[in-house]
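Fold and geometry: a report
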Protein chains: 4
Amino acid sequence: MKKFTTRIRARYCETDAAQVIYYGSFMHYFEVGKMEMYRELGIPYRADIPILETYCRYPSPAFFDDLLEIHTWFDDIRSKGFKIRSEVYRVVKEHDLVLVGEGYTTHIYVNEDRVPTLLPDHYVQVFDRIGATREDGKR
Amino acid sequence: MKKFTTRIRARYCETDAAQVIYYGSFMHYFEVGKMEMYRELGIPYRADIPILETYCRYPSPAFFDDLLEIHTWFDDIRSKGFKIRSEVYRVVKEHDLVLVGEGYTTHIYVNEDRVPTLLPDHYVQVFDRIGATREDGKR
Amino acid sequence: MKKFTTRIRARYCETDAAQVIYYGSFMHYFEVGKMEMYRELGIPYRADIPILETYCRYPSPAFFDDLLEIHTWFDDIRSKGFKIRSEVYRVVKEHDLVLVGEGYTTHIYVNEDRVPTLLPDHYVQVFDRIGATREDGKR
Amino acid sequence: MKKFTTRIRARYCETDAAQVIYYGSFMHYFEVGKMEMYRELGIPYRADIPILETYCRYPSPAFFDDLLEIHTWFDDIRSKGFKIRSEVYRVVKEHDLVLVGEGYTTHIYVNEDRVPTLLPDHYVQVFDRIGATREDGKR
């Protein structure tokens, strides 16, 4: 699956009293990666769909003012939802990346009664375009 | 002017790499104080009006897990807006309070074109009830 | 396993543009529950140990100014770490709770070289006191 | 005084239930601007000094995914501290900027007893280099 990459700096407001990046800040980094992926794929952010679950693992700490590289890709695509997987690396120097967080958000498309429903067409078209495999067969 | 008081604990997510409470967290404490004041006065939170400016001064640091006491009151009431003033104290022990943040938010009532407009009646009624003095004469 | 309960109000700063509580805010609620559990058990917060992973599921939305009840307990206790499980409920009215978030944080005790190490004694004593079962046998 | 400029995207986690950028997020934007100014001037971030007060005014709302341009400069430089002024603009299109937040943070250098003290040399050297005028005469 095609991966999308973007870079940001770790902000002071994202640190905590252990003098590392607060673990909750990684959800924000995942979002930055997702938005840049959506922008590159031409998916309007207003087409965004609810988050059902979030998971993150922290193999190593990150620090204030670190240059971070975020890798983002679609995974586990089904007719009514998908996962977005993310990895966050510290760029220690060019080509020397240390994994500091990895995880996913699970997205499910729902109608106005919050019943899971088939994904809108613009998602299906994007998945076709990037050659994404559906886990549960074609829509 | 009548002051309203509430207490909370400083959260881990509110700390920063200097191992103190992040200065930006005080805006959140001001909000907690405001909401408790609104609740006590019976002002519906949906009646809340836009914030035009914020100010905070930090005389002394606060720390993770501190018990904090927030004092909140209306000030500088005018026909189209008002300030909400806040003080945040560390409760070192009962009756031993140390000021750690103080400031205000300025609120202006606007119509749908964002033009400043007279405050809605429920504010005026509340100000009358708590004997608040209008800075610019009666409405 | 003994569950610990505390209540807070959802804050304005915790909302997002979907007009619900931002999913990332649940990590903050989990922390509040943990700190109140630690306080009740007499575990000093300085004894806190690193977070290895976080997970949260969102069965239903929560809203600004909701009264939230947080349930917190130890789970999956091992010689070098444990999980803290959390549930967050909206208190619609007394005895009418709606689950809005549930998940866990996984904690691993490490030495200064970040190698996993046996839990400090004050954890073991607390687990004995509350009758917690170790998943991997006695220490 | 020389102004420094940087651009970021408004993040989803920075929105609030009014479907605009939460006013507290502007402190984070000010910090991003400050860090990029420090980087460009070669001031090590570890040389950073405490914040005494913060102020922000919100002339107009900003929105999720807006491209924001931050202008940052030193002001009101004194022997023991200074202000950092910031303006945040929405880039509606290239050369069409709308001011959405402006304000300052006041920084005071203190010794370990928290007594205000002369600024460290690297600040003085930077102020000399960028031709900054001291408000209270030469150090």
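To start, this report covers the structure provided alongside it. Residue indices follow the written sequence of each chain, beginning from 1 at its first position. Numbering of ligands from 1 and lettering of chains from A proceed in the order in which they are written. Reporting of local features is limited, given that this is a predicted model, to residues whose pLDDT is at least 70; pairs of side-chain atoms are given and counted only at 80 or more, and all residues count toward the totals for whole chains, interfaces and linings. Values reported for side chains reflect all heavy atoms of the structure, with hydrogen atoms and water molecules removed beforehand.

1. Observations concerning the packing of aromatic side chains
Ring pairs are drawn from Phe, Tyr and Trp, using the six-membered ring of Trp, whenever the two centres fall within 6.5 Å, and their geometry is named by plane angle: stacked under 30 degrees, edge-to-face over 60, tilted for the rest. For the structure shown, the criterion picks out 56 aromatic pairs over all chains. On the basis of an interplanar angle of 35° and a centroid distance of 6.1 Å, the ring pair of B:Tyr123 and B:Phe127 is categorised as tilted. In this pair, B:Tyr123 and B:Phe127 both sit in helix α2 (residues 121-129), four residues apart, roughly one turn of the helix. Taking the relative accessible area as the measure of exposure, B:Phe127 reaches 1% and is therefore buried. Geometrically, the ring pair formed by D:Phe82 and D:Phe127 is edge-to-face, given 5.7 Å between the ring centres and 75° between the ring planes. In this pair, D:Phe82 is assigned in strand β4 (residues 81-93) and D:Phe127 in helix α2 (residues 121-129), connecting sequence segments 45 residues apart. Exposure remark for D:Phe82: the relative accessible area of 1% places this residue in the buried category. One aromatic cluster is present, built from ring pairs that chain together A:Tyr12, A:Phe64, B:Tyr22, B:Tyr23, B:Phe26, B:Tyr29 and B:Tyr58. Geometrically, a charge over a ring is one whose NZ (Lys) or CZ (Arg) sits within 6 Å of the ring centre while staying within 35 degrees of the ring normal. Over the aromatic face of B:Tyr38 sits the side chain of B:Lys34, whose NZ or CZ is 5.8 Å from the ring centroid. Segments assigned H or I by DSSP are reported as helices when at least four residues long, segments assigned E as strands when at least two residues long, and all are numbered from the N terminus. Each residue's exposure class comes from its accessible area (1.4 Å probe, protein chains only) as a fraction of the maximum for that residue type: buried when under 20%, exposed when over 50%, partly exposed otherwise.

2. Description of the pairing of strand β3 (residues 67-78) of chain C
Residues and elements named next belong to chain C. Counting buried residues along β3, nine of its 12 residues qualify, which places the element largely inside the surrounding structure. By the convention used here, strands pair only if DSSP detects at least 2 bridges between them. One ladder, built from six bridges, connects strand β1 (residues 4-9) with β3; its direction is antiparallel. Bridge pairing in β3 links Thr6 to Ile70. Relative to strand β4 (residues 81-93), β3 is paired through nine bridges, and the arrangement is antiparallel. Directly across from Asp75, in β4, lies its bridge partner Lys83. Once β3 ends, the chain turns through two residues before running back antiparallel as β4.

3. With respect to the relation of the copies chain A and chain C
Once chain A has been moved 0.0 Å along the axis and rotated by 180°, it coincides with chain C to within an RMSD of 0.0 Å. Considering both components of the superposition, the chain copies are consistent with a two-fold axis. Closest to the rotation axis within chain A is the C-alpha of A:Tyr55, separated from it by 2.2 Å. When the copies are overlaid, the least-squares fit takes in C-alpha atoms only where the residue has pLDDT of at least 70 in both copies.

4. Things to note about the interface of chain A and chain C
Taken together, the 18 residues of chain A in the interface contact 18 residues of chain C. Buried area: the accessible area, evaluated with a 1.4 Å probe, that two parts lose upon being put together, summed over both parts. It is A:Tyr23, A:Thr54 and A:Tyr58 that lose the most area in chain A upon contact with chain C, and together they represent 30% of the buried surface on that side. Any Lys or Arg side-chain nitrogen located within 4 Å of an Asp or Glu carboxyl oxygen qualifies as a salt bridge. Taken together, the links from chain A to chain C amount to zero salt bridges. By the criterion applied in these results, polar contacts are pairs of N or O atoms within 3.5 Å in which, for protein atoms, one can donate a hydrogen and the other can accept it, and in which residues neighboring in sequence qualify only through two side-chain atoms. The interface formed by chain A and chain C holds 12 residue pairs in polar contact (both at pLDDT 80 or more) in total. Only α1 (25-41) and β2 (51-57) of chain A provide two or more residues apiece to the side of chain A that touches chain C. Side-chain classes are defined by residue name, with Ala, Val, Leu, Ile, Met, Phe, Trp, Tyr, Cys and Pro counting as nonpolar, Asp, Glu, Lys and Arg as charged, and the others, Gly among them, as polar. A class-by-class count of the residues in the side of chain A that touches chain C yields 11 nonpolar, three polar and four charged. The sheet contact formed by β2(A) and strand β2 (residues 51-57) of chain C spans five bridges and is antiparallel. What sits directly across from A:Tyr55, in β2(C), is C:Tyr55. Contacts were defined at the residue level, with two residues in contact if any of their heavy atoms lie within 4.5 Å.

5. What about the interface of chain D and chain A?
With 16 residues of chain D at the interface, the matching set in chain A holds 16 residues. Of the roughly 1,500 Å² buried at the junction of chain D and chain A (both faces included), carbon and sulfur atoms supply 53%. Of all residues in chain D, the largest losses of buried area upon contact with chain A belong to D:Arg11, D:Arg39 and D:Phe64, amounting jointly to 37% of the total for that side. Where chain D meets chain A, there are four salt bridges.

6. Topic: the pattern of salt bridges
The full count for this structure, using the stated rule, is 48 salt bridges over all chains. The salt bridge involving B:Arg7 is made with B:Glu69; its shortest N-O contact spans 2.8 Å. With B:Arg7 in strand β1 (residues 4-9) and B:Glu69 in strand β3 (residues 67-78), this pair connects stretches of sequence that are 62 residues apart. Note on B:Glu69: relative accessible area 9%, which makes it buried. Here the residues in one salt-bridge network are A:Glu53, A:Asp76, A:Arg78 and A:Lys83, joined through shared partners.

7. Quick look at the sheet that holds strand β4 (residues 81-93) of chain A
Neighbouring strands of a sheet are bound in pairs by backbone hydrogen bonds; such pairs are parallel or else antiparallel. In space, the 10 strands of this open sheet follow the order β1(A)-β3(A)-β4(A)-β5(A)-β2(A)-β2(C)-β5(C)-β4(C)-β3(C)-β1(C), with antiparallel pairing throughout. Edge positions in the open sheet fall to β1 (4-9) of chain A together with β1 of chain C, since each of these has one partner strand only. Shown here is a sheet whose adjacent strand axes are inclined to one another by a mean of 20°, direction ignored. Strands in contact with α1(A) are β1, β2, β3 (67-78), β4 and β5 (96-108) of chain A; relative to β3(A), the strand with the most contacts, it is inclined by about 70°. Structural elements are reduced to axes, namely lines fitted to C-alpha atoms, with helices fitted over the stretch in contact, and the angle between N-to-C directions of any two is expressed from 0 to 180 degrees.

8. Let's talk about the state of the cysteines
The disulfide criterion used throughout: a pair of cysteine sulfur atoms within 2.5 Å. In total, this model carries zero disulfides over all chains according to the counting rule given. With no disulfide of its own, B:Cys13 lies 8.5 Å from the sulfur of C:Cys13, the closest cysteine sulfur. Looking at the unpaired C:Cys56, the closest cysteine sulfur is the one in A:Cys56, lying at 13 Å. According to the relative accessible area criterion, C:Cys56 is buried, its value standing at 0%.

9. Description of the relation of the copies chain D and chain A
Between chain D and chain A, the superposition needs a rotation of 180° and an axial shift of 0.0 Å, giving an RMSD of 0.0 Å. Same-surface contact between copies: 100% of interface residues of chain D are shared with the interface of chain A.

10. A word on empty space enclosed by the protein
Lining residues are defined by having an atom within 4 Å of a point belonging to a cavity or pocket. Those points lie on a 1 Å grid over the protein atoms alone, cavities being sets where a 1.4 Å probe fits but cannot get out and pockets being open sets with protein on both sides within 12 Å along at least five of seven lines. Grid points are joined across faces, edges and corners, and a volume is the space filled by probe spheres set on the points. Across all of its chains, the model carries 10 cavities of 30 Å³ or more by this definition. Within this model, the largest cavity holds a volume of roughly 630 Å³. Forming the walls of the largest cavity are 32 residues, and the residues nearest its centre are A:His28, B:His28, C:Cys13, C:His28 and D:His28. Elements supplying a minimum of two residues to the lining of the largest cavity: α1 of chain A, α1 (25-41) of chain B, α1 (25-41) of chain C together with α1 (25-41) of chain D. Classifying every residue of the lining of the largest cavity gives eight nonpolar, 16 polar and eight charged.

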